[in-house]
Amino acid sequence: MTGVQTCALPIYIGITLLPGNTGTLTLNGTSGQTGNTVVTGGEIKLSTPQPNTLFPQSSIVVNGGTLLNQTQQEIGNVTLSSGELHIASGDTLYVDSTFTFTGGILLVNGVLQINPSGTMLCGTNIITGSGQFILTDGATLEIGDPNGIKNSAASGNVQVTGGRSFSSNANYIYDGSSAQVTGSGLPSSVSNLSINNSNGVSLTNSVIVNGTLVFTAGTVTTGGNNVTIGSAGTVT
C-alpha cells in the first residue's frame, strides 16, 4: 500500500499492514471488527471522532511501521516490539489486559491508562512524550529499568512529562537484569510488591505492602528505609 487510504471497517476482520508498505491507512469510523490490528510497515491512524475505532476486546500488534492513536480507544492487549506507537495530544489509549513493550518507540503526548486488572510490561524500555501515564487501582506495572520509576525526572521506565500517576492500590514488579532502585515514583503504600532481581533492589523510600510481598530472586536493601507488611499482608 502506498499513498493515503481512508475506510470504515466491516465486522469480524483483522487488519495487517505488511513490511514494505509506505502509505497511511486512516480508520475514521467505529467498527465491531474483532480481529487483531497488526502493523509491520506503513502507518495506521485511528481517528474516529467518537470513542473506539477498534473493537475494545481486540489486540494491537506493532512490530514495524507506526500506529497513531487519535481517538479515545479502549483495547484488550497491545504488543510493541519495534516500530512506533503514538498517542496524540488530547487522546487516550485505555489498556484492559496486557501492554507488552519489548522494543520500538512509545510516544505518549496524550494519555496512556492501564485500567484495573491491566498490566504494563516495560522491561528496560522507556515511555516518553509530553502526555500522561496513569496506573489505576488494581493494575500492575512491571519495572526493568535500573532507576525504577520516578515522579518527574527524565529517568526510569516512565518519562512522560505531563504527569505520572502510580496508584497506591496497584501492584509493582521489579525484575531488572541489573541492580535497581525502586525510585521516587513507588507509592508509600502499595497493594502487592514483587522482587525478581538476582542483583537486588534498593529502596528509595519506605513502603507499606498491604497485600503480598513476593520474593522470587534477589534481596531488598532498605538502607535507612523500611518495608512494612500491612495488617492483612503476607510474605512469600
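Every value quoted in this text rests on a predicted model; they were computed, and no experiment measured them.

Calculation criteria
- Residues numbered from 1 in each chain as written.
- Predicted model: local features only at pLDDT ≥ 70, side-chain atom pairs only at ≥ 80, totals over all residues.
- Heavy atoms only, no water.
- Core = buried A, V, L, I, M, F, W, Y, C linked by side-chain atoms within 4.5 Å.
- Buried < 20%, exposed > 50% of the residue type's maximum accessible area, 1.4 Å probe, protein only.
- Contact = heavy atoms within 4.5 Å.
- Pairing = 2+ DSSP bridges.
- Helix = DSSP H or I, 4+ residues; strand = E, 2+ residues; numbered from the N terminus.
- Phe/Tyr/Trp six-rings, centres within 6.5 Å; stacked < 30°, edge-to-face > 60°.
- Axes fitted to C-alpha atoms, helices over the stretch in contact; angles between N-to-C directions.
- Polar contact = N/O pair within 3.5 Å; in protein donor to acceptor, adjacent residues only side chain to side chain.
- Patch = residues over 30% accessible without salt bridge, like charges linked within 9 Å, V, L, I, M, F, W, Y side chains within 5 Å.
- Areas by Shrake-Rupley, 256 points an atom, 1.4 Å probe, with all protein chains shown as cover.
- Salt bridge = Lys/Arg side-chain N within 4 Å of Asp/Glu carboxyl O.
- pLDDT = per-residue confidence, 0-100.

Undergrad: Would you explain the nonpolar core in this entry?
TA: Looking at soluble globular proteins, one finds that nonpolar side chains tend to be buried together. Judged by nonpolar contacts, the single largest core of 47 residues is most densely connected at Phe99, Leu112, Met120, Ile127, Phe133 and Tyr172. In this view, Leu112 contacts Ile87, Leu93, Val95, Phe99, Leu106, Met120, Ile127, Gln132, Phe133 and Ile134; residues no more than four positions away in its chain are not counted.

Undergrad: Sorry, what's going on with the sheet that holds strand 22 (residues 201–202) here?
TA: Sheet strands associate in pairs through backbone hydrogen bonding, adopting either a parallel or an antiparallel arrangement. Taken together, the three strands give an open sheet; going across it, the order is 19-22-25, and neighbouring strands pair in parallel fashion. Taken across any chain shown, the strands that pair with only one partner, and hence form the sheet edges, are strand 19 (180–181) and strand 25 (220–221). As defined by bridge partners, strand 22 adjoins strand 25 across two bridges and the pair is classed as parallel. What sits directly across from Ser202, in strand 25, is Thr221.

Undergrad: I keep staring at the packing of aromatic side chains and nothing clicks. Help me out?
TA: Each aromatic ring pair is summarised here by two numbers: the centre-to-centre distance and the angle between the ring planes. Per the stated rule, a full pass over the model turns up two aromatic pairs. Their ring planes at 70 degrees and their centres at 6.4 Å tell us that Phe99 and Phe101 sit as a pair that is edge-to-face. Classification of Phe99 as buried rests on a relative accessible area of 0%. Measuring from ring centre to ring centre gives 6.0 Å for Phe133 and Phe166, while their planes differ by 45 degrees; the resulting arrangement is tilted. Of this pair, Phe133 sits in strand 15 (residues 132–135) while Phe166 sits in strand 17 (residues 164–166), placing them 33 residues apart in sequence. Across the pair, Phe166 and Phe133 agree in class, each one buried.

Undergrad: Sorry if this is basic, but what is going on with the sheet that holds strand 7 (residues 72–75) here?
TA: Pairing is parallel in the open sheet, where five strands are placed in the order 7-9-12-15-17. The outermost strands of the open sheet, each flanked by one partner alone, are strand 7 and strand 17. The sheet shows a mean angle of 10 degrees between the axes of neighbouring strands, direction not considered. Here four bridges tie strand 12 (residues 111–114) to strand 15, and the two strands are oriented parallel to one another. Each residue of the ladder has a partner; that of Val111, found in strand 15, is Gln132.

Undergrad: Teacher, can you tell me more about the environment of Thr24 here?
TA: Inspection of the secondary structure puts Thr24 in strand 3 (residues 24–27). By relative accessible area, which is 13% here, Thr24 ends up buried. Linking Thr24 and Val111, residues 87 residues apart in sequence, is a C-alpha distance of 23 Å. Side-chain polar atoms of Thr24 contact the side chain of Glu43, separated by 3.0 Å.

Undergrad: How should a nonpolar patch on the surface be read in this particular structure?
TA: Judged by side-chain polarity, Phe215, Ile229 and Val235 come together as a nonpolar surface patch covering roughly 240 Å² of accessible area. Inspection of the secondary structure puts Val235 in strand 27 (residues 234–235).

Undergrad: Explanation requested: the environment of Ala88 in the structure shown.
TA: Here Ala88 is to be found in the loop between strand 8 (77–87) and strand 9 (92–95). Excluding anything up to four places from it in sequence, Ala88 contacts Leu68, Asn69, Gln70, Asn109 and Gly110.

Undergrad: What exactly am I supposed to notice about the confidence of the model for the chain here?
TA: The predicted structure's coordinates, where accompanied by low pLDDT, should not be read in detail. Of all residues in the chain, 92% attain a pLDDT of 70 or more, and the chain-wide mean is 91. Ignoring residues within four places in sequence, the model shows residues 1–12, a span with pLDDT below 50, making 33 contacts including any to other chains.

Undergrad: What am I meant to see in the pairing of strand 7 here?
TA: Regular strands show a simple pattern: their side chains alternate between the two faces of the sheet. Where burial is concerned, the two faces of strand 7 differ: the one with Gln73 and Ile75 is buried and the one with Gln72 and Glu74 is not. The pairing of strand 7 with strand 9 spans four bridges and is parallel. Counted as the bridge partner of Ile75 is Val95 from strand 9.

Undergrad: Whenever I open this one, unusual backbone geometry confuses me. Can you help?
TA: A positive phi angle is found at Asn52, which is not glycine, with a value near 65 degrees. Here Asn52 shows up in the loop between strand 5 (43–46) and strand 6 (59–69). Here Asn52 falls in the buried class, since its relative accessible area comes to 18%. At Ser117, a position not held by glycine, the phi torsion is positive, near 75 degrees.

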